[in-house]
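# Understanding the architecture of this molecule
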Amino acid sequence: MLTKYITNVRSRFSPFNIRSGKTARNFLALLPPNARTTMKIDVQMLGRNASAQPASMALKFKDGKEMQFDLEKMKIKDIQEEVGRHSRTLKRQEELAG
């Protein structure tokens, strides 16, 4: 997964929700160590009482495209696939532009 083209990551989840919390944590773990210098990362962790609230993740890319993910329905592989597809498109455009 190419993270070079991501400029903004917003995540909102409860670590006590088994399904969505794990997906959000796994995605955040995939970000490179220097991610805080190259992109804005905003993580909002909900408390134990809010574990029933829906978790969400939003990504913004260098070309201005925003992606919203419903972490209740998507697994980490699905998110990686979507992000990878758009990142490869941006990489291809960058290579063609010179």
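Just so we're clear, the structure is a prediction, and the values are computed from it rather than from any experiment.

With that settled, consider the overall build of the protein chain. Looking only at helices and strands, the protein chain has 3 helices and 4 strands in total. Against the globule reference of 13 Å for 98 residues, the protein chain gives a C-alpha radius of gyration of 14 Å, in line with a compact fold. In terms of overall dimensions, the protein chain has C-alpha extents of about 50 × 25 × 20 Å along its principal axes. Counting over 98 residues, the protein chain shows a buried share of 37%. Pairs at least 24 apart in sequence give 70% of the contacts found in the protein chain among residues at least 6 apart. Within the structure as shown, the protein chain displays about 6300 Å² of accessible surface, and the carbon and sulfur contribution to it stands at 49%. Considering the protein chain, the positive charge centre built from 19 side chains and the negative charge centre built from 10 side chains are found 5 Å apart.

Conventions we followed
Residues numbered from 1 in each chain as written. Predicted model: local features only at pLDDT ≥ 70, side-chain atom pairs only at ≥ 80, totals over all residues. Heavy atoms only, no water. Helix = DSSP H or I, 4+ residues; strand = E, 2+ residues; numbered from the N terminus. Rg over C-alpha atoms; globule rule 2.2 N^0.38 Å. Buried < 20%, exposed > 50% of the residue type's maximum accessible area, 1.4 Å probe, protein only. Contact = heavy atoms within 4.5 Å. Areas by Shrake-Rupley, 256 points an atom, 1.4 Å probe, with all protein chains shown as cover. Lys, Arg positive; Asp, Glu negative; His and termini not counted. Charge placed at Lys NZ, Arg CZ, Asp CG, Glu CD.

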